[in-house]
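# Secondary and tertiary structure notes
Take a look at the letters that make up each chain.
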Amino acid sequence: MNKKLILGIVGNVMEWFCYSLYGAFTANIAYHFFSTGSLHINLLFSYAIFAVGFFMRPVGAVIFGYIGDRVGRENLLFLSMMLMAIPTFCMALIPSFSVIGILAPILLIIMRGLQGIAIGGEYTGAMVYLVEQAPSNKRGFLGSFADFGCLFGTLVGGSLSILAISNIFDEKLFTVIGWRIPFYLSILIVPLAFFIKMSSSQKSTNVSQELTNTRKKNEVPIIELLKKHYKTAIYVAASSAFSGVNFYTLLVFMPNYISMINNDTSVGFTSTLITNIVMIPAVLISGFLSDKFRRKPLIIAGIIGVMMFGYPLFSTIDNHTLHIVIEMLFGISLGVYYGGRSAFFAEAFPKSIRCTAVSFSLSISHCIFAGTAPFVATYIAKVFDIRWFYLYIVLVSLFALYGFIKIKDRTGEDLL
């Protein structure tokens with residue numbers, strides 16, 4: 001694996017570390033930034049702001065997609081990392097509602113929106129970057145490191161941060177100041193971003209000329225996407241609804257919900273930690289196999305697995321040991337889905353608009369489905385029963401299956 005690939009993976013991990021902190025510490029944010037007197041209502045408000053990051057992702061997709069397609073993939077990664085680090089650090093500085101009142105959630109909304117713009121370009125930019133750097137027979141495996149970075153960054157920024165800080169501080173200090181520490185640490189991404197930019201080799205004359213020629217063909221990649229490739233974009237967006245709902249249900253809603261009903265932070269986040277750990281090798285192995293046996297069958301198998309284990313995931317919450325087993329199987333199925341996904345999506349679009357196309361398609365889908373998943377699940381758990389949320393998972397799974405069936409599998413073919 002060459003230096004550029006390693007740097008791209010490290011940058012992706014760090015961005016997801018920053019982005020995942022809000023979801024991991026949602027309960028603490030709800031406590032500090034809202035004052036309704038009801039834990040459920042505070043949590044709903046907190047999840048509503050969580051969704052703001054996803055509503056801004058299409059904006060980031062258009063901005064950073066243009067940068068990636070017209071200025072260069074490395075510039076996209078550098079700028080998105082900077083935009084992620086600064087607002088995440090600023091979140092740690094925002095006083096609570098009791099100190100500055102309504103200004104606290106307003107500032108939180110602004111910072112979360114900036115995070116959304118950053119991840120809207122970086123995540124899919126990393127997908128494209130890794131796939132394009134890989135030889136044709138390894139695009140699935142090397143492309144899977146985009147989701148490896150997502151999972152590993154979420155693991156460190158989520159479960160590990162929660163468990164480490166809750167063991168260092170007593171419950172009172174954890175609630176007052178301890179939860180802010182990982183947000184402070186996000187500033188470390190700034191020197192890393194500069195190091196990656198300085199370490200990345202400058203584009204060759206040929207590549208620069210290629211970008212110049214591309215500019216002449218079309219100044220605005222989003223226009224070309226909407227005119228010539230809108231059907232593929234719709235199918236990719238449909239396919240991404242599945243990952244958006246299930247990822248954030250599993251790694252954001254479930255640990256917070258289980259911890260809340262048990263009044264113990266470690267209960268929910270321990271099972272999520274274990275699940276996250278088993279998902280990482282599942283993603284890489286599936287990515288490797290997708291180069292050998294084609295991508296579409298593995299992706300569809302992952303979707304079917306999630307549908308199989310979805311209902312048991314919600315119906316075994318009261319049985320902690322059995323729930324961990326089911327959550328692991330659910331997570332492994334989701335990992336199998338993720339394995340060849342990056343290459344599958346990148347291979348669906350031509351190079352001249354690839355960053356914009358993948359970023360915009362996924363961001364629109366995640367704007368609608370991913371950011372709202374914890375909010376919808378929390379509402380259903382409060383008003384009905386959490387097991388009814390399984391129907392929602394089935395619907396988005398069928399939606400995704402339709403999208404994948406309509407996209408051509410280009411495993412091993414030359415990139416468009």
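Residues numbered from 1 in each chain as written. Predicted model: local features only at pLDDT ≥ 70, side-chain atom pairs only at ≥ 80, totals over all residues. Heavy atoms only, no water.

## Side note on the overall build of the chain
Scanning the chain from N- to C-terminus turns up 22 helices and zero strands. For 416 residues, the compact-globule formula gives about 22 Å, and the C-alpha radius of gyration of the chain, at 20 Å, lands near that figure. With respect to the three principal axes, the spread of C-alpha positions in the chain is 60 × 45 × 35 Å. The proportion of buried residues among the 416 residues of the chain is 61%. By sequence separation, contacts in the chain at least 24 residues apart represent 84% of the contacts at least 6 residues apart. Within the chain, one finds 30 positive and 20 negative side-chain charges whose respective centroids are separated by 8 Å. (Helix = DSSP H or I, 4+ residues; strand = E, 2+ residues; numbered from the N terminus. Rg over C-alpha atoms; globule rule 2.2 N^0.38 Å. Buried < 20%, exposed > 50% of the residue type's maximum accessible area, 1.4 Å probe, protein only. Contact = heavy atoms within 4.5 Å. Lys, Arg positive; Asp, Glu negative; His and termini not counted. Charge placed at Lys NZ, Arg CZ, Asp CG, Glu CD.)

## A look at the nonpolar core
Among the nonpolar cores identified, the biggest contains 129 residues, and F25, Y248, I303 and I386 are the most heavily contacted of them. With 16 residues, helix α15 (residues 230-262) is the largest single contributor of residues to this core. Here F25 is in contact with G157, S161, I162, I165, F174, W179, P182 and F183, once residues within four sequence places are set aside. (Core = buried A, V, L, I, M, F, W, Y, C linked by side-chain atoms within 4.5 Å.)

## Quick look at helix α22 (residues 389-406)
Between its first and last C-alpha atoms α22 spans 27 Å; for 18 residues at 1.5 Å apiece the expected length is 26 Å, and the two agree. Where α22 is concerned, the buried positions are F389, Y390, I393, V394, V396, S397, A400, L401, G403 and F404. In this structure, the buried side of α22 is in contact with α15, α17 (295-315), α18 (320-339), α19 (341-346) and α21 (373-383). (Expected span 1.5 Å × (residues − 1).)

## Some points on the pattern of salt bridges
Within this structure, the stated rule accounts for nine salt bridges. A salt bridge links E347 to R139; the nearest nitrogen and oxygen atoms lie 2.9 Å apart. Note that E347 is positioned in the loop between α19 and α20 (354-368) and R139 in helix α8 (residues 139-143), a separation of 208 residues in sequence. In this pair, the class of E347 matches that of R139, namely buried. One salt bridge in this structure joins R294 and D409, with 3.8 Å as the shortest N-O distance. One end of the pair, R294, is in the loop between α16 (265-293) and α17; the other, D409, is in the segment after α22, and 115 residues separate them in sequence. We classify R294 as partly exposed; its relative accessible area is 37%. Since its relative accessible area comes to 10%, D409 is described here as buried. Each of the salt bridges in this network shares a partner with another, and the network as a whole consists of R139, D291, R295 and E347. (Salt bridge = Lys/Arg side-chain N within 4 Å of Asp/Glu carboxyl O.)

## Some words on the side chain of T272
Locating T272 in the fold gives a position in helix α16. A residue is classified by how much of its surface remains accessible, and T272, at 2% relative accessible area, is buried. Aside from chain neighbours lying at most four places away, what touches T272 is S159, L250, L251, P255 and E327.

## Looking at the packing of aromatic side chains
Geometry of an aromatic ring pair is reported as the spacing of the ring centres plus the angle between the planes. For the structure on display, the rule yields 34 aromatic pairs. A ring pair is formed by F25 and F174, whose centres lie 6.4 Å apart and whose planes are at 35°; its orientation type is tilted. Of this pair, F25 sits in the loop between α1 (3-24) and α2 (26-33) while F174 sits in helix α10 (residues 171-176), and the two are 149 residues apart along the sequence. Classification of F25 as buried rests on a relative accessible area of 0%. Judged by centre distance (5.2 Å) and plane angle (70°), the rings of F78 and F194 are edge-to-face. Taken together, the residues F78 in helix α5 (residues 73-93) and F194 in helix α12 (residues 189-199) connect sequence positions 116 residues apart. The ring of Y19 is capped by R112, whose NZ or CZ atom sits 4.3 Å from the centre of that ring. (Phe/Tyr/Trp six-rings, centres within 6.5 Å; stacked < 30°, edge-to-face > 60°. Lys NZ or Arg CZ within 6 Å of the ring centre and 35° of its normal.)

## Overview of the side chain of S359
Mapped onto the secondary structure, S359 falls in helix α20. Side chain to side chain, S359 and T124 meet in a polar contact 2.4 Å long. (Polar contact = N/O pair within 3.5 Å; in protein donor to acceptor, adjacent residues only side chain to side chain.)

## Some words on the packing of α15 against α18
For the pair α15 and α18, interaxial distance at closest approach is 11 Å and the crossing angle is 155°. When the axis of α15 is compared with that of α18, the two are roughly antiparallel. For α15 against α18, the interelement crossing comes out left-handed. Touching S239, S240, F242, S243, N246, F247, L250, M254 and I258 of α15 are H323, E327, F330, G331, L334, Y337 and Y338, all from α18. The residue makeup of the contact of α15 with α18, split by class, is nine nonpolar, six polar and one charged. (Axes fitted to C-alpha atoms, helices over the stretch in contact; angles between N-to-C directions. Parallel < 35°, antiparallel > 145°, perpendicular 65-115°, else oblique. Left-handed = near helix turned anticlockwise from the far one by under 90°. Nonpolar A, V, L, I, M, F, W, Y, C, P; charged D, E, K, R; others polar.)

## Here's the deal with the environment of I106
Relative to the assigned elements, I106 resides in helix α7 (residues 103-133). Classification of I106 as partly exposed rests on a relative accessible area of 41%. For the pair I106 and F33, spaced 73 residues apart in sequence, the C-alpha to C-alpha distance is 9.5 Å.

From the geometry alone we can't say anything about function, so treat these as descriptive.
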